[in-house]
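Okay, here's what each chain looks like letter by letter:
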Amino acid sequence: MPESTAFLTDTRNQRIGRGVLLIVAGALQTLAFAPFAFWPAMMLSLVLILLLGLHRSPRGLFGDGWLLGLGLFGSGASWVYVSIHEYGMTAAPVAATMTFLFVAGLALFPAIALWCWGKLSGESRWRRLWLLPAIWVLMDWFRGWILTGFPWLFAGNSQVDGPLSGWAPVLGVHGVTFLMVTSCVLLLIALSHWLGRRRMKAAVAGVAMLLPWVLGPILAQIDWTQRDDSPLSVMAAQGNISQHIKWDRAYLQHQIDIYRDLTEPYWESDIILWPETALPATQHQASGLLEALDQRASETNTAFVTGLPWYGHSDKHDEEVFHNSLMALGNAHGSYHKQKLVPFGEYVPL
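Residues numbered from 1 in each chain as written. Predicted model: local features only at pLDDT ≥ 70, side-chain atom pairs only at ≥ 80, totals over all residues. Heavy atoms only, no water.

Once that is clear, we can look at the pairing of strand 5 (residues 334-337). Note: strand 4 (residues 321-330) against strand 5, 4 bridges, orientation antiparallel. Across the sheet, Ser325 pairs through a bridge with His337, a residue of strand 5. Hairpin connection from strand 4 to strand 5: 3 residues lie between these consecutive antiparallel strands. (Pairing = 2+ DSSP bridges. Helix = DSSP H or I, 4+ residues; strand = E, 2+ residues; numbered from the N terminus.)

Structure (structure tokens):
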């Protein structure tokens, strides 16, 4: 029977079962990240995706990819609801709708990727196996770039404490993802050869699959950096300010006092860091405080860096705009406007 008509012969229960499995496969990937940190769940998910998609038509793979993304982002990125509802003060039904649209939109990335996978590989089983690692990495790269990017939940990030972590300084997160997907492909190839009684080919595929996992812990022992003979002393403050009061002007001085008290014993440090929007006021509103911090940092020969909202003219817009920014004072100079904004959490796409 032609592959393109295989989906049409599925019974209703089979389609429901496939859909449930794909959503579960997506949700399994979330278990690979903190706080669960069970990285084998990622490998199980990737194997399930391969098994379910190996003989699917491109059209069927598009739907499969969307369900997969629904499971992944529905379980791993639904925290956007908290940003929209609790801190954005949006009504719960509207926030829930926006969150669903956000998750459904992100699910288009694996949907399009799996469609391309099926389209490029055609009916060749072997071509389909070998194309998946490249397609998967390209999907992640594109997702991390389009609309300022959403670089969360990459498979490679699940190996922070896993056996492949030693490859991260060499290949980066996308390289680790490539190794994980390729390992799953080689596993299926090894099993296929073994069941076909092609023992030598099965052994070669098995060794190739295990090689990155054996070398990973060895690479992790290598010190890729060199200690500087003149180390810097760094102090980082985190005020643990509740988001419910952060932007309430009645608590502005209270927040400033917390950070100044935390910093006071450490003004001899080479670098002092305050976090993102540590000052809940623009550079103009906090000008007096910034001048005082600049003077104190200059006196102690300290590079002081703080996050704050920045408001002013932008070359990209006719009107004045807000930026989420960093400002350096004392023994450091300059400012930086954040470029990678969280969709819906920090801005509304389009």
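Read on, since the account is not over.
Attention now goes to the sheet that holds strand 2 (residues 271-273). Spatially, 5 strands are ordered 1-2-3-4-5 in an open sheet, and the strand pairing comes out mixed. Pairing within the sheet leaves two strands with one partner each, and these edge strands are strand 1 (234-236) and strand 5. Put simply, the sheet's adjacent strands are angled 25° from each other on average, direction ignored. Along the sheet face, helix 12 (residues 287-299) touches strand 3 (303-312) and strand 4 and points at about 30° away from the line of strand 4. (Axes fitted to C-alpha atoms, helices over the stretch in contact; angles between N-to-C directions. Contact = heavy atoms within 4.5 Å.)

It is worth spelling out the confidence of the model for the protein chain at this point. A residue-level look at the protein chain finds 96% of positions with pLDDT of 70 or above and a mean pLDDT of 91. Least confident of the elements in the protein chain is helix 4 (residues 80-87), whose mean pLDDT is 84; most confident is strand 2, at 97. With pLDDT under 50 throughout, residues 1-8 is counted as low confidence; its partners more than four residues away or in other chains account for 10 contacts. (pLDDT = per-residue confidence, 0-100.)

On to the side chain of Asp140. Its place among the elements puts Asp140 in helix 7 (residues 125-143). Residue contacts for Asp140: discarding those within four places in its chain leaves Phe154, Ala155, His174 and Thr177.

With that out of the way, let us pick up helix 1 (residues 12-30). Between its first and last C-alpha, helix 1 extends 28 Å over 19 residues, near the 27 Å set by a 1.5 Å rise per residue. Listed as buried for helix 1 are Arg18, Gly19, Leu22, Ala25, Gly26, Leu28, Gln29 and Thr30. The inward-facing, buried residues of helix 1 abut helix 2 (40-53), helix 3 (58-76) and helix 7. (Expected span 1.5 Å × (residues − 1). Buried < 20%, exposed > 50% of the residue type's maximum accessible area, 1.4 Å probe, protein only.)

What follows is about a nonpolar patch on the surface. A surface patch of nonpolar side chains, about 440 Å² in accessible area, is lined by Leu210, Leu211, Val214, Leu215 and Ile218. What makes Leu211 partly exposed here is its relative accessible area of 46%. (Patch = residues over 30% accessible without salt bridge, like charges linked within 9 Å, V, L, I, M, F, W, Y side chains within 5 Å. Areas by Shrake-Rupley, 256 points an atom, 1.4 Å probe, with all protein chains shown as cover. Salt bridge = Lys/Arg side-chain N within 4 Å of Asp/Glu carboxyl O.)

Another point: the nonpolar core. One finds Leu46, Leu50, Trp136 and Met180 to be the most contacted residues of the largest nonpolar core, which totals 48 residues. Listed by contribution, the elements that provide at least two residues to this core are helix 2, helix 3, helix 4, helix 5 (92-106), helix 6 (108-121), helix 7, helix 8 (168-195) and helix 9 (199-219). Not counting residues within four places of it along the chain, the set of residues in contact with Trp136 comprises Gln29, Leu46, Ile49, Leu68, Thr177 and Val181. Membership of the second largest hydrophobic core comes to 21 residues, among which are Ile241, Leu252, Ile256 and Phe304. (Core = buried A, V, L, I, M, F, W, Y, C linked by side-chain atoms within 4.5 Å.)

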